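The chain contents come next:
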Amino acid sequence: MEDTRDLAERTSRSERKRRDSFGMFDGYDSCSEESTSSSSSEDSEDEVVPSIPANLPIIKNNGQVYTYPDGKAGMATCEMCGMVGVRDAFYSKTKRFCSVSCSRSYSSNSKKASILARLQGKPPTKKAKVLQKQPLMAKLAAYAQYQASQQNQAKSKAVVAADSFDWGHYICNNNTEGAPVSCFKHAPMGTCWGGIAEGVRLEVINSDTNLPAKVYWIAEIIKLAGFKALLRYEGFDSDNSKDFWCNLCIPEVHPVGWCASSGKPLVPPKSIQHKYSNWKAFLVKRLTGAKTLPPDFSSKVQENMQFPFKKLMRVEVVDKNYLCRTRVALVEQVIGGRLRLVYEESEDGSDDFWCHMYSPLIHNIGWSRSIGHRFKRSDVSKKLEGQRDAPPQIFQKVKDVDQCEEWFKDGMKLEAIDPLNLSAICVATVRKVLADGYLMIGIDGSEAVDGSDWFCYHSASPSIFPAGFCEINDIELTPPRGYTKLPFKWFDYLRETGSVAAPVKLFNKDVPNHGFRQGMKLEAVDLMEPRLVCVATVTRIVHRLLRIHFDGWEDEYDQWVDCESPDLYPVGWCQLTGYQLQPPAAQSNRDAAASVPKQKKKTPQYKGQKKKSTLRMKEEAAEADDFTFSQTISDQESNGSGSYYIKQEP
């Protein structure tokens, strides 16, 4: 008999696996939910059968061990040990015991009940009454403990409420577009996104169904905005009533054919289930020749979410209070490639600094000494267990330069983005030439006497420009503080100061085909408060230089940023990585903050004509040489992703 049952079960399983290439059930052309509920439940049994979570609170009471689950699937009490748990997770068809051992020991249960009753000082009685008193008391206590732990978890997770802002609603209401993922080479999937476009089909969870099990259906990308896509279920044609936005990098998104290979059911939405009598034929006709995601899309997403920096790695980073020097800091947290660095001398861990792992502000240990940069030695003599210096090879490489020929010299004039007011490009001076192409730059007219506000830029940095760059590109140049001969003219200023302009040929003039367009939406770091990632818009493009506007804030808080800045991210990056996204400032918030400095401002260590004053420096700001710019071909058009087509099987 057993062999016969096994054979029947194997035959049944093989029949269920015999589906077409789109995962449709054989004989399921009518697509009624009633006819598929049983089959769907069988195929998705591992997803619908609840189990006791591993993190549930456990409480011991008089030698008994109990747990209190979430209560969503029905409760059961073991008649042997008295343990309370989810009914479906219990042993046997009757769900009377929590384990095989309890079931086998049931025959001696009356003896155990008598012993337990005597220990409690009660006369022996029916086992059920004796054994159920303890779980009831324990259940209440465990429930209180469970609720408290859930509240604590909710508080700790509240800091990364990445889903609180609805990007899809925002984009549709404002009729805007998001910058393509291929514009962000440093972001996950930035180099392998080229084949994903409107019209691509994929398999996603079908939310328009009454089935208890998780089922899938095919959807088409109607609109793309960064990682997020507006999807429409196949079969709705021009009806957009069920359209929905979805992050394409979440685990529930798959290429067409995944359901067939994984044994998952494809069920059409209930709103249109009677629209076609033969859904298999409909899908074959509609999907043959259509594009879908690469088969290794999910594995690529996982690979791209791995980062080389680990907790407790030691790095050198700019001192946020004195831009002219660096300090040692420890990696405390890594989120999506962004690092929370805690300065080594910070006792309580509150003295921190946020930046991307490819930021020009962080370097390997020993970098400052090697190029002659100022460095503050740490007074910490004892290292924490697990500390280690970050390997030099995981830092962003800079362009090799030849300083033997004509090169920058102290006192040369140029234009530079002010790291303390990233909305301004100012008249600046080379204050010191370091090794390996690095320069110490000072803003004319607002420098501290001790040079504590000099900042380090590489000669190939997109944040420094030759004299005349702003005039040629119609950008307002901020003159030195106190300079009264306006409008500012470089020729007059150089003659009055007896200085010379840095040669144009020394600046970086490459302009990549970055793909950004005016009006595109993205997620951008507020470099005046670099822990914040905000909803932002590209409002102007000058060669490789982008003007970033933070939605809901005044224009004075705009920032000039380079097109390849590691502090710009596609729409949906925060949701993908779990980072908190700052939504556009509401009008009430702006009015309330009108009489006080914005949260984006902090008190500087010295005075100057800064509109903003958090001592944050970012070299990603901007480069757009107006002289002899060379247009190069971007590799975003050939990033190796390719297009995948659906073929009809014979």
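Residues numbered from 1 in each chain as written. Predicted model: local features only at pLDDT ≥ 70, side-chain atom pairs only at ≥ 80, totals over all residues. Heavy atoms only, no water.

(A) Examining the nonpolar core more closely. In terms of nonpolar packing, the biggest core is built from 112 residues, with Phe-309 and Ile-425 touching the most fellow members. Core analysis: the next-biggest nonpolar cluster, separate from the first, contains 21 residues, Ala-524, Leu-546, Val-561 and Ala-585 among them. (Core = buried A, V, L, I, M, F, W, Y, C linked by side-chain atoms within 4.5 Å. Buried < 20%, exposed > 50% of the residue type's maximum accessible area, 1.4 Å probe, protein only.)

(B) Just helix α9 (residues 279–287), in detail. For α9, the full list of buried residues reads Trp-279, Phe-282, Leu-283, Val-284 and Leu-287. Backbone nitrogen of Lys-280 and a side-chain oxygen of the N-cap are separated by 3.3 Å at the start of α9; the cap is Asn-278. Immediately beyond the C-terminal end of α9, within one or two residues, lies Gly-289, with a positive phi of roughly 90 degrees. (Helix = DSSP H or I, 4+ residues; strand = E, 2+ residues; numbered from the N terminus. Polar contact = N/O pair within 3.5 Å; in protein donor to acceptor, adjacent residues only side chain to side chain.)

(C) How the structure looks around helix α13 (residues 490–497). Every buried residue of α13 is accounted for by Trp-490, Asp-492, Tyr-493 and Leu-494. On its buried face, α13 sits against β18 (413–418), β19 (421–433) and β23 (477–478). Positive phi appears at Gly-498, one or two residues downstream of α13, with a value of about 65 degrees. (Contact = heavy atoms within 4.5 Å.)

(D) Main features of the pattern of salt bridges. Scanning all chains against the criterion turns up 29 salt bridges. Arg-201 is the partner of Glu-234 in a salt bridge, and the nearest nitrogen-oxygen pair spans 3.0 Å. Separated by 33 residues along the polypeptide, Glu-234 in the loop between β7 (228–233) and β8 (244–247) and Arg-201 in strand β5 (residues 201–205) bring together distant segments of the chain. For Glu-234, a relative accessible area of 2% corresponds to the buried category. Through salt bridges with shared partners, a single ionic network connects Asp-319, Lys-320, Arg-325, Arg-327, Glu-345, Asp-351 and Lys-376. (Salt bridge = Lys/Arg side-chain N within 4 Å of Asp/Glu carboxyl O.)

(E) Seen up close, the environment of Glu-234. In this structure the C-alpha to C-alpha distance between Glu-234 and Glu-203, which are 31 residues apart in sequence, comes to 9.9 Å. Filtering out sequence-adjacent residues up to four positions away, Glu-234 remains in contact with Arg-201, Trp-217, Ile-218, Ala-219, Glu-220, Ile-272, Trp-279, Phe-282, Leu-283, Arg-286 and Leu-287. Among the polar contacts made by the side chain of Glu-234, one reaches the side chain of Arg-201 at a distance of 3.0 Å.

(F) Representation of the confidence of the model for the protein chain in the model. Counting all residues, the mean pLDDT for the protein chain is 77, and 66% of those residues have values of 70 or more. The model gives residues 107–144 a pLDDT under 50, and that stretch makes 43 contacts with residues more than four places away or in other chains. Taken as a whole, residues 594–645 scores under 50 in pLDDT and shows 203 contacts with residues more than four places along the chain or in a different chain. (pLDDT = per-residue confidence, 0-100.)

(G) Inspection of the pairing of β5 at higher detail. Most of β5 sits out of view: four of its five residues are buried. Pairing of β5 with strand β9 (residues 254–255), which is carried by two bridges, proceeds in the antiparallel orientation. Note on β9: the bridge partner recorded for Glu-203 is His-254. (Pairing = 2+ DSSP bridges.)

(H) Quick peek at the packing of aromatic side chains. Counting across every chain of the model gives 28 aromatic pairs. Ring centres 5.7 Å apart and planes at 90 degrees place the aromatic pair Trp-193 and Phe-227 in the edge-to-face group. Note that Trp-193 is positioned in the loop between α7 (167–174) and β5 and Phe-227 in the loop between β6 (216–225) and β7, a separation of 34 residues in sequence. Take Trp-193 and Phe-227: they sit in the same class, and that class is buried. Through pairs of rings, three or more aromatic residues link up here, namely Trp-217, Tyr-276, Trp-279 and Phe-282. Its end group placed over the ring of Tyr-343, Arg-327 keeps NZ or CZ at 4.1 Å from the ring centre. (Phe/Tyr/Trp six-rings, centres within 6.5 Å; stacked < 30°, edge-to-face > 60°. Lys NZ or Arg CZ within 6 Å of the ring centre and 35° of its normal.)

(I) Summary view of unusual backbone geometry. Residue Leu-486 is joined to Pro-487 through a cis peptide bond whose omega torsion reads 0 degrees. Positionally, Pro-487 belongs in the loop between β23 and α13. Not every positive phi belongs to a glycine, and Met-189 is a case in point at roughly 70 degrees. Mapped onto the secondary structure, Met-189 falls in the loop between α7 and β5. Although it is not a glycine, His-543 adopts a positive phi angle of roughly 60 degrees. Among the structural elements, His-543 can be located in the loop between β26 (533–542) and β27 (545–550).

(J) Structural view of the environment of Ser-423. Structurally, Ser-423 is set in strand β19. By relative accessible area, which is 13% here, Ser-423 ends up buried. For the pair Ser-423 and Asp-558, spaced 135 residues apart in sequence, the C-alpha separation works out to 5.3 Å. Once you skip the residues sitting within four places of it in the chain, Ser-423 turns out to touch Arg-547, Glu-556, Asp-558, Gln-559 and Trp-560. Looking at Ser-423, its side chain comes within polar contact range of the side chain of Asn-421, at 2.8 Å.

(K) Seen up close, the state of the cysteines. Applying the stated criterion across every chain, the model contains zero disulfides. With no disulfide of its own, Cys-534 lies closest to Cys-574 among cysteine sulfurs, the gap being 8.9 Å. The buried category is assigned to Cys-534, whose relative accessible area is 6%. (Disulfide = S-S within 2.5 Å.)

(L) Looking closely at the environment of Glu-177. Among the structural elements, Glu-177 can be located in the loop between α7 and β5. Look past the residues within four positions of Glu-177 in its chain and what remains in contact with it is Arg-517, Gly-519, Met-520 and Lys-521. Engagement of the side chain of Glu-177 in a polar contact is seen with the side chain of Arg-517, the distance being 2.8 Å.

(M) Region of the structure containing the side chain of Thr-326. Along the chain, Thr-326 turns up in strand β12 (residues 322–335). One polar contact links Thr-326 to Ser-368, side chain to side chain, over a distance of 2.5 Å. Non-local contacts of Thr-326, meaning those with residues more than four positions away in its chain, are made with Glu-316, Val-317, Val-318, Asp-319, Trp-367, Ser-368, His-373, Arg-374, Phe-375 and Lys-376.

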